[in-house]
Every structure is written in structure tokens, then in C-alpha cells.
Amino acid sequence: MNNLTAVGCFGFAAVCASILAPLSWMTGLSRLGAARVSGFFSLVPIVTTALAVLLLGESLSGWGAGWQPAGGVGCGTC
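- As recorded in an unreviewed UniProt entry, the protein goes by EamA family transporter and comes from Stenotrophomonas muris.

Here it is as C-alpha cells:
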């Protein structure tokens, strides 16, 4: 990995993952209310798995195919 790629990855993590994602979640929470938004929190593991397959070319097998997203949904609904 060259320096430009590393800086890009760091910038993405710093801006998107650390600022934009929580800001979007908080904005949705304030506009729609906790009762409506809480149901979407359970979808995070499923959406993350789908995006990893579609955008990153990850493969689903064994643990990642069903148990891991299902476990995340189960933990998110507790």
C-alpha cells in the first residue's frame, strides 16, 4: 500500500465512519424519533454483510453466511 492509498483510507475512516455516519444517525433519530429509528439499528449487520459482498467482493461461507449477521441482529434487539 502506498502513502496516497493509506492517506485516502485514513481520510475515509476519519470523515465517513467517524463523523458522517454518526451524524446521519443522530439526524434521523432527532427527526423521526427513537421508536421509528430503533428498528433500523437491527439491520446494521445485514446491510454491512450485503455491502461487503457487493462492494468488496467478499464471499459468504460458514460463519459469515448467516450466523454472524443473525447474531448481530439478535444482539441489537436486546
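**Structural notes on the overall build of the protein**
Part 1: The number of helices and strands found in the protein is four helices and zero strands.
Part 2: For the protein, the α and β elements follow one another from N to C terminus as α-α-α-α.
Part 3: Within the protein, the proportion of its 78 residues that are buried is 6%.
Part 4: Summed over its atoms, the accessible surface of the protein is roughly 6,100 Å², and 72% of this surface lies on carbon and sulfur atoms.

**A short note on the packing of helix 1 (residues 3-32) against helix 2 (residues 34-41)**
Part 1: At their nearest, the axes of helix 1 and helix 2 sit 7 Å apart, and the two run at 140° to each other. Relative to helix 2, the element helix 1 lies oblique. Facing Trp25, Gly28, Leu29 and Leu32 of helix 1, the residues of helix 2 in contact are Ala34, Arg36, Val37 and Phe41.
Part 2: Considering only residue class, the contact of helix 1 with helix 2 consists of six nonpolar, one polar and one charged.

**A short note on the UniProt feature "transmembrane region" (unreviewed entry) in the protein**
Part 1: This chain's UniProt record puts "transmembrane region" (unreviewed entry) on residues 33-56.
Part 2: Across residues 33-56 one finds 88% helix and 0% strand; the C-alpha atoms that close the span lie 33 Å apart.

**Quick notes on a nonpolar patch on the surface**
Part 1: A grouping of Trp25, Met26, Phe40, Phe41, Leu43, Val44, Ile46, Val47, Leu51, Leu54, Leu55 and Leu56 is seen on the molecular surface, where their side chains present a nonpolar patch of about 1,200 Å² in accessible area.
Part 2: Going through the elements one at a time, helix 1, helix 2 and helix 3 (44-56) are the ones with two or more residues in the nonpolar patch.
Part 3: Top element by residues in the nonpolar patch is helix 3. It accounts for seven residues.
Part 4: Inspection of the secondary structure assignment puts Leu51 in helix 3.

Rules and cut-offs
Residues numbered from 1 in each chain as written. Predicted model: local features only at pLDDT ≥ 70, side-chain atom pairs only at ≥ 80, totals over all residues. Heavy atoms only, no water. Helix = DSSP H or I, 4+ residues; strand = E, 2+ residues; numbered from the N terminus. Buried < 20%, exposed > 50% of the residue type's maximum accessible area, 1.4 Å probe, protein only. Areas by Shrake-Rupley, 256 points an atom, 1.4 Å probe, with all protein chains shown as cover. Axes fitted to C-alpha atoms, helices over the stretch in contact; angles between N-to-C directions. Parallel < 35°, antiparallel > 145°, perpendicular 65-115°, else oblique. Contact = heavy atoms within 4.5 Å. Nonpolar A, V, L, I, M, F, W, Y, C, P; charged D, E, K, R; others polar. UniProt positions renumbered as here; feature names shortened; annotations may be inferred. Patch = residues over 30% accessible without salt bridge, like charges linked within 9 Å, V, L, I, M, F, W, Y side chains within 5 Å. Salt bridge = Lys/Arg side-chain N within 4 Å of Asp/Glu carboxyl O.

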